[in-house]
Amino acid sequence: MRVPLSWVREFAAIPESISPEEISDALVRVGFEVEAIERQGQNLSGPVVVGQVLTIEELTGHKKPIRWVELNCGDLETRFVICGATNFKVGDFIVAALPGAVLPDNFVISQRETYGKVSNGMICSSRELGTGQDHDGILVLPQDAAEPGTDAISLLEINDVVFEVAVNPDRGYALSIRGIGREAAASLGVKFTDPINQVEAKNYSEGEDAVDVFIDDPTAASVIFLRSLAEFQATRPTPLWMKRRIEKCGMRSISLAVDVTNYVMLELGQPLHAFDSSAIKGSIHIQRAGANTSLTTFDGQARTLNSDDLVVADDEGPLALAGTMGGKSSEISEGTHSIAIEAARFDPTSVSRNARRHKLFSEASKRFERGVDSSLAEIASARAVQLLVDLGGAKHIGTRSAGQPRYAPVVSIDPHYVATLTGADISLAMVEEKLLIVGCDVEKIDPRNWNIDPPSWRHDLLQAADFVEEVARMVGYQAIPSLLPPHPVSPGLTSQQQRRRKVALLLADKGLAEVQTYPFVSAAVLKAMGYAGERAATFRIANPMSEDAPLLRPHLIPGLIGAALKNLSRGSRNFGIFEIGSIFKDVEKLVSAQSPATASRPAEAEISAIYASVPNQPIHVGGLLIGQVEIEDWHSKGRAYDWSDSVAFVEEILEMSHLKWDIKPANFAPWHPGRCAEFLVSGKVVAHAGELHPRVCEAMGIPARTCAFVVNMSSLPESSVVKGTLLGTMPVAVQDIALIVDKNIPAQAVEAALREGAGELLESIQLFDRYDQLGDGKVSLAFSLTFRAPDRTLTNAEVSVMRENAAEKAFKQTGAEVRA
């Protein structure tokens with residue numbers, strides 16, 4: 001929010017001796033971020049005066065409009081200037097920079113000849129004066145603003161300091177001069193005068209001719225005031241002082257009625273809306289759009305309404321999107337004579353949904369969605385009536401209201417908790433002083449029990465910790481010692497954490513790069529990957545970062561493909577990537593969300609309910625292999641990744657986890673049905689690896705024959721302690737055996753049979769060749785068998801017998817025959 005210092009000083013008695021930098025630091029101390037300090041008028045010097053237009057001569061023969069203008073600038077003689085703007089007429093009052101003046105950007109004004117005339121000065125626009133960005137025409141002043149020759153720099157209050165303050169979502173009250181003024185006064189220790197004390201809301205009684213108002217949906221608003229006025233003179237100009245304050249805050253002047261509502265919003269923080277009462281049919285209703293389908297807003301856009309949209313309506317239909325933007329049909333015009341001023345405390349969530357659904361982020365919605373002071377509806381509407389009566393000649397004819405203000409509840413706290421939680425030496429007297437500065441009412445029941453009534457504008461103060469934060473904020477965070485809280489000695493990493501780290505190091509050592517992707521995905525991507533049924537069951541995010549990816553990921557591979565596409569677009573062609581992260585599957589019923597108190601540890605039943613309300617989020621590790629694993633060069637041929645590489649990565653992960661596994665073929669999307677392996681540990685599926693289906697590669701835009709693997713690390717059982725084996729001192733005996741087997745028989749099944757038949761002296765077995773060109777659905781598998789006895793050298797006869805036993809067992813279990 002843009003905050004003019006001159007306006008803040010009306011409410012906070014900030015001495016002139018305090019510099020803008022010191023004021024900025026004071027705001028930062030109490031939790032605000034000052035993004036910029038703008039010194040208006042710093043590079044402007046006079047003479048810059050008010051002038052009145054006496055005559056206008058249009059100079060022809062030029063590509064653009066050129067006027068020769070006679071001005072009365074309060075001198076003994078009139079002066080003439082050249083001007084290209086056309087938005088003024090004879091009799092208007094303007095701002096003239098006379099020779100010798102220096103405008104922003106070091107623009108020196110001098111008398112000069114141009115277009116065959118001598119221009120003795122310049123008529124200025126807002127941007128040329130540094131008071132705004134409007135450069136479409138020159139600045140035209142109200143008729144009664146000042147006499148010709150008056151110093152325009154003082155008249156327009158150009159010399160001012162404007163702070164650009166970032167206001168957090170929980171500090172909506174600070175989106176007003178009143179709110180910032182209170183905070184600045186508290187931080188600087190100066191007196192604050194609350195402007196609402198000058199408003200006599202009780203002076204505006206109900207009256208018989210007022211427009212009635214009703215809250216039809218109790219969830220839509222807590223309170224609303226509707227004040228009706230007659231005899232309003234819509235053509236009256238906005239006074240210069242009000243116009244300049246609105247402009248300094250970054251808004252533009254529109255008309256008196258609109259400017260008054262904006263001024264009060266900026267001053268107090270309560271958005272208002274002015275309706276043309278003659279356009280209201282019957283009463284005003286706060287309701288949902290329901291069956292109403294459209295509304296044309298101020299900007300001329302016909303908007304399609306959602307049935308859940310919060311609207312302000314009359315007996316015939318919607319008049320405005322509540323808290324967001326008014327409707328065209330009830331807009332104030334120059335012919336308006338009767339006005340209804342609406343001030344409400346709308347439901348923040350409903351206004352936020354209005355703004356996002358229709359992409360209308362207005363100054364009003366920005367305040368409503370942060371929560372508005374419940375007491376301001378009555379006061380701000382009365383303040384607006386007071387200004388419209390004084391400035392627009394209006395007459396108040398009655399007020400109607402509905403609902404009641406709702407305030408944060410009284411909270412009981414132990415004041416000693418402030419020092420305990422902050423670790424700072426803060427006395428009880430200091431606690432009370434700071435709570436009073438914040439605006440709280442303090443009732444001391446006993447030394448350890450105070451009842452704290454939050455101020456009406458702080459609906460976020462709901463528990464003891466909130467009040468501790470407020471005291472700490474006002475004392476100053478620099479007063480809190482920088483000490484780490486005591487904690488028990490760390491037990492170290494859990495076995496699962498250790499396993500995750502080891503897996504990450506293993507894959508990185510193998511040349512894969514670790515990536516981290518967003519856990520969001522779209523339904524279209526899940527469909528393209530071939531996920532269906534429970535495998536596609538996931539959760540929709542209530543407020544997604546992007547509507548293109550509104551779902552939580554049920555698998556890692558879509559995110560890995562997204563990361564791969566970015567690398568491919570940047571020229572990478574050969575790489576392997578992996579990710580370790582959570583996935584989310586909606587396959588079990590969850591209990592309602594829990595929100596336990598934070599003052600103490602929840603009971604075990606509450607903890608169980610918390611976990612039962614959160615979906616299971618297993619940890620997976622997934623990898624994607626693209627291009628060549630060995631690059632071709634002058635002395636060797638390259639080798640592309642194939643599906644056996646992805647299988648090998650899974651085997652290494654399981655081996656490093658000290659687990660035994662079974663492997664079998666699988667038909668599992670998104671893998672190729674003939675090139676997918678499924679891994680089982682203790683009969684439970686824990687991993688898949690293989691080549692991605694060509695259809696998936698084409699749909700996702702990745703190279704053909706891309707390979708992938710995924711391991712469900714949360715499903716891997718805890719492995720037993722690894723026991724070291726004895727180092728053999730006797731020589732080994734190696735026997736090779738080639739077996740012909742049906743191609744559908746897994747090599748692991750053949751290996752297991754050989755291992756069982758070879759006996760206890762078999763030290764190791766390794767598959768070193770696979771030949772699949774035999775035909776008739778047969779393949780040849782060649783294994784190397786290593787035998788060793790712990791106490792002697794094995795004879796050839798002993799080794800031959802063990803080899804034959806192994807071959808016999810393989811024949812019985814898998815039908816494998818020894819290849820001649």
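Residues numbered from 1 in each chain as written. Predicted model: local features only at pLDDT ≥ 70, side-chain atom pairs only at ≥ 80, totals over all residues. Heavy atoms only, no water.

Concerning the sheet that holds strand 23 (residues 339-346)
Then step 1. With antiparallel pairing, four strands are arranged side by side in an open sheet as 16-23-15-24. This sheet does not close on itself; its edge strands, each paired only once, are strand 16 (273-276) and strand 24 (395-403). Within the sheet, the average angular offset between the axes of one strand and its neighbour, ignoring direction, is 20 degrees.
Then step 2. With seven bridges joining them, strand 15 (residues 221-230) and strand 23 adopt antiparallel strand pairing. Bridge pairing links Ala-221 to Phe-346 in strand 23.
Then step 3. Where helix 10 (residues 376-392) meets the sheet, its contacts fall on strand 15, strand 23 and strand 24, and the angle it forms with strand 15 comes to roughly 15 degrees. (Pairing = 2+ DSSP bridges. Helix = DSSP H or I, 4+ residues; strand = E, 2+ residues; numbered from the N terminus. Axes fitted to C-alpha atoms, helices over the stretch in contact; angles between N-to-C directions. Contact = heavy atoms within 4.5 Å.)

Section: the environment of Val-686
Then step 1. Mapped onto the secondary structure, Val-686 falls in strand 37 (residues 684-692).
Then step 2. Val-686 sits in the buried class, given a relative accessible area of 3%.
Then step 3. On a C-alpha basis, the gap between Val-686 and Asp-216 in space is 56 Å, while along the polypeptide they are 470 residues apart.
Then step 4. Setting aside anything within four residues of it in sequence, one finds Val-686 in contact with Leu-654, Phe-679, Val-681, Val-710, Val-711, Asn-712, Ser-715 and Leu-716. (Buried < 20%, exposed > 50% of the residue type's maximum accessible area, 1.4 Å probe, protein only.)

Some thoughts on the packing of aromatic side chains
The relative placement of two aromatic rings is captured by the distance of their centres and the angle of their planes.
Then step 1. Considering all chains together, one arrives at seven aromatic pairs under this definition.
Then step 2. Ring geometry for Trp-241 and Tyr-263: centres 5.5 Å apart, planes at 85 degrees, overall edge-to-face. Taken together, the residues Trp-241 in helix 6 (residues 240-248) and Tyr-263 in helix 7 (residues 256-268) connect sequence positions 22 residues apart.
Then step 3. Its relative accessible area of 2% is what places Tyr-263 among the buried residues.
Then step 4. For the ring pair Phe-668 and Trp-671, a centre distance of 6.3 Å and an interplane angle of 20 degrees mean the geometry is stacked. (Phe/Tyr/Trp six-rings, centres within 6.5 Å; stacked < 30°, edge-to-face > 60°.)

So, the environment of Lys-684
Then step 1. Along the chain, Lys-684 turns up in strand 37.
Then step 2. Residue class for Lys-684 comes out partly exposed when judged on its relative accessible area of 48%.
Then step 3. Counting along the chain gives 149 residues from Lys-684 to Arg-535, while the straight-line C-alpha distance between them is 17 Å.
Then step 4. Discounting residues that sit within four places of it in the chain, Lys-684 has contacts with Phe-679 and Ser-715.

Describing the side chain of Glu-70
Then step 1. Looking at the element boundaries, Glu-70 is found in strand 4 (residues 66-72).
Then step 2. Here Thr-55 takes part through its side chain, which lies 3.0 Å from a polar atom of the side chain of Glu-70.
Then step 3. Engagement of the side chain of Glu-70 in a polar contact is seen with the side chain of Thr-78, the distance being 2.9 Å.
Then step 4. Glu-70 has contacts with Gln-52, Val-53, Leu-54, Thr-55, Thr-78, Arg-79 and Phe-80, leaving out every residue within four places of it along the chain. (Polar contact = N/O pair within 3.5 Å; in protein donor to acceptor, adjacent residues only side chain to side chain.)

Some words on the environment of Ser-764
Then step 1. Secondary-structure assignment places Ser-764 in strand 40 (residues 762-775).
Then step 2. Separated by 340 residues in the primary sequence, Ser-764 and Ala-424 place their C-alpha atoms 67 Å from one another.
Then step 3. When sequence neighbours within four positions are dropped, the list of residues in contact with Ser-764 reads Ser-784, Leu-785 and Thr-786.

Examining the pattern of salt bridges
When the charged atoms of two side chains lie near each other, side chains of opposite charge can form a pair.
Then step 1. Enumeration over the complete set of coordinates arrives at 47 salt bridges.
Then step 2. Between Arg-288 and Asp-217 there is a salt bridge, with the nearest N and O atoms lying 2.8 Å from each other. With Arg-288 in strand 17 (residues 284-288) and Asp-217 in the loop between strand 14 (213-215) and strand 15, this pair connects stretches of sequence that are 71 residues apart. Here Arg-288 matches Asp-217 in class, with each residue buried.
Then step 3. For the salt bridge of Glu-470 with Arg-458, the shortest nitrogen-to-oxygen distance reads 2.9 Å. (Salt bridge = Lys/Arg side-chain N within 4 Å of Asp/Glu carboxyl O.)

With respect to the sheet that holds strand 42 (residues 817-818)
Strand pairing in a sheet relies on backbone hydrogen bonds, with the paired strands running either antiparallel or parallel.
Then step 1. The sheet built from four strands is open, its strands ordered 40-41-39-42 with antiparallel pairing. Across the chains shown, the open sheet's two edge strands, defined by having one partner strand only, are strand 40 and strand 42.
Then step 2. Inspection of the sheet shows strand 39 (residues 733-742) paired to strand 42 by two bridges, in the antiparallel sense. Opposite Ile-740, over in strand 42, you have Glu-817 as the bridge partner.

Observations concerning helix 21 (residues 796-814)
Then step 1. For helix 21, built from 19 residues, the straight-helix expectation of 27 Å at 1.5 Å per residue is met to within 8% by its first-to-last C-alpha distance of 27 Å.
Then step 2. Within helix 21, burial applies to Val-799, Met-802, Ala-806, Ala-807, Ala-810 and Thr-814. End-on view of helix 21: buried residues confined to an arc of 140 degrees, all on one side of the axis. Turned more than 90 degrees off the buried face of helix 21, the exposed positions are Ala-797, Glu-804 and Lys-812.
Then step 3. Tucked inside the fold, the buried residues of helix 21 contact strand 39, helix 20 (747-758), strand 41 (778-787) and strand 42. (Expected span 1.5 Å × (residues − 1). Arc of directions from axis to C-beta.)

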